[in-house]
Amino acid sequence: MPLTLYAEFQPRPAERQTLCVVGLGYIGLPTGAALADADYNVIGVDIDPAIVESVNAGKVHIIEPGLEPLVARVVRDGAFRAQTTIPEADVYLITVPTPVVAESNRPDLSHVFAAARAVAEAVRPGALVVLESTSPVGATRRMIDIMASARPELRFPQPGADDEAVDVDIAYSPERVIPGKTLNELASNARIVGGATPRAARRAAAVYRALTQGELLLTDDRSAEFVKLTENAFRDVNIAFANELSLICDRMGLNVWDVIQLANRHPRVEILKPGAGVGGHCIAVDPWFIVDQAPEEAKLIRAAREVNDHKPAWLTDKVSAMLELDPEARLGCLGLTFKADVDDFRESPALEIALRLSRRFPGRVVCAEPFAEALKAPPEIQVVSLEEALVQPIVAALVPHSAFRQVDRPAGVLVDACGLWQ
């Protein structure tokens, strides 16, 4: 299907539609709440009873600016409720995790396929199912096959099928938001909507029109899947360049922050800032999906992943060498989340560094983290106040939280991995 723009104004259905969001995590919960606020009757589904109970009480289990008051309001108004079972609905949005297998870096789509089987049991003719989870190319088609197998009496989209020969429309539309700004970006970012058929793309776009003022770009499902992977691989490659520069500058005795700042004065150069590595559930994961499907061609993408995955080990070794020089020295680590000012620890390089050092030097490492309450910390991690972390002889700045920027540069030896005081 050629790329098209969805018309700016489209008639909404005459009756209020029921929309089911499967997976109430960092994407599903804000999306469901925002659509409830846009006059959909939203039912959120999660396998964790604690999350369901929390949502039905108008509470949230993640930290996201503006989310808790929004959830509280739409729950109170009866527009949003949660449960553990899949209901009948007009629209289903699947927003479950798609991790990689640690040993092989291959995508694990078990959550997507489990959600597809559960939705298939409840789906009825005329429904629309949209996969939002970041997925390798072909995942939506595999989901269709699973649902068609579970419900042979229903017609699901097949290659070349006419719109009118389909009972259940299927589309793919990846989220494009950043933690800490999720609600704002849901309402403003452009959105790729890939349909297994043209009608599915149009129907999914009508749902997202209620959510965002951004452009709605219609294409097919396979193209939409690859667009999301491409976006995150692009960012990963650019971050890897900055991280590799930091290693080279360290070897040469240069200040990488000064080098980047001066290089960026060139009108066509915009180098990113290096960090402790790359974390989160997107950039640290999604490029591996491309490598898995095109291992011979994705040489640069693989190299970037390896550079960024190596950075935590390099920093661990650098700090370890300092601690080994003085058996009495202690270390204060600043930050454990995967990025600044969020409570998200998924794939966090800072947490990996702190854990490695705490195990290598038991009793000599303390950590300061503003969002420590959201962390199920391993027993080796000792969380202390920021003040206590800053007075250690060695301080490693791993995450540039805003709270850390309010204090003076520490007097001890500083390993500034994130440019906190640059």
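Everything numeric in this text was worked out from a predicted model, so none of it was measured. (Residues numbered from 1 in each chain as written. Predicted model: local features only at pLDDT ≥ 70, side-chain atom pairs only at ≥ 80, totals over all residues. Heavy atoms only, no water.)

A. The pattern of salt bridges, seen in detail. Within the structure shown, the criterion is met by 21 salt bridges. Here R155 and D167 are joined by a salt bridge, their closest N and O atoms 3.0 Å apart. Note that R155 is positioned in the loop between helix 5 (139-150) and strand 7 (169-172) and D167 in the loop between helix 5 and strand 7, a separation of twelve residues in sequence. A residue is classified by how much of its surface remains accessible, and R155, at 42% relative accessible area, is partly exposed. One continuous salt-bridge network, built from bridges that share partners, spans E164, D169, R199 and R203. (Salt bridge = Lys/Arg side-chain N within 4 Å of Asp/Glu carboxyl O. Helix = DSSP H or I, 4+ residues; strand = E, 2+ residues; numbered from the N terminus. Buried < 20%, exposed > 50% of the residue type's maximum accessible area, 1.4 Å probe, protein only.)

B. Here's a closer look at helix 8 (residues 221-252). The terminal C-alpha atoms of helix 8 lie 47 Å apart, and with 32 residues this matches the ideal 46 Å at 1.5 Å per residue to within 8%. Two or three places before R222, at the start of helix 8, stands the capping residue D220, its side-chain oxygen 3.1 Å from that residue's backbone nitrogen. (Expected span 1.5 Å × (residues − 1). Polar contact = N/O pair within 3.5 Å; in protein donor to acceptor, adjacent residues only side chain to side chain.)

C. Up close: the environment of S173. With respect to the helices and strands, the residue S173 is situated in the loop between strand 7 and helix 6 (182-188). Assessed through its relative accessible area of 0%, S173 is described here as buried. Spatially, the C-alpha atom of S173 lies 5.1 Å from that of E132, the residues being 41 residues apart in sequence. For S173, the residues in contact, after removing those within four places along its chain, are V130, L131, E132, R191, I192, V193 and Y208. A polar atom in the side chain of S173 sits 3.0 Å from the side chain of R191. (Contact = heavy atoms within 4.5 Å.)

D. How the structure looks around the sheet that holds strand 10 (residues 331-334). An order of 11-10-12-13 is seen for the four strands of this open sheet, with the pairing classed as parallel. Each edge of the open sheet is held by one strand with a lone partner, namely strand 11 (365-368) and strand 13 (413-416). The mean inter-strand angle of the sheet, taken between neighbouring strand axes irrespective of direction, is 20 degrees. Strand contacts of helix 11 (residues 299-325): strand 10, strand 12 (394-397) and strand 13, with the helix running at about 175 degrees to strand 13, the strand carrying the most contacts. (Pairing = 2+ DSSP bridges. Axes fitted to C-alpha atoms, helices over the stretch in contact; angles between N-to-C directions.)

E. Just unusual backbone geometry, in detail. Although it is not a glycine, D39 sits at a positive phi angle of roughly 80 degrees. Considering the arrangement of structural elements, one finds D39 in the loop between helix 1 (28-37) and strand 3 (41-45). Taking relative accessible area as the criterion, D39 reaches 49% and is therefore assigned partly exposed. Positive phi outside glycine occurs at E347, with the angle close to 55 degrees. One can find E347 in the loop between strand 10 and helix 12 (349-360). Since its relative accessible area comes to 46%, E347 is described here as partly exposed.

F. View of the side chain of N243. One can find N243 in helix 8. Polar side-chain contacts of N243 include one of 2.9 Å to the backbone nitrogen of G275.

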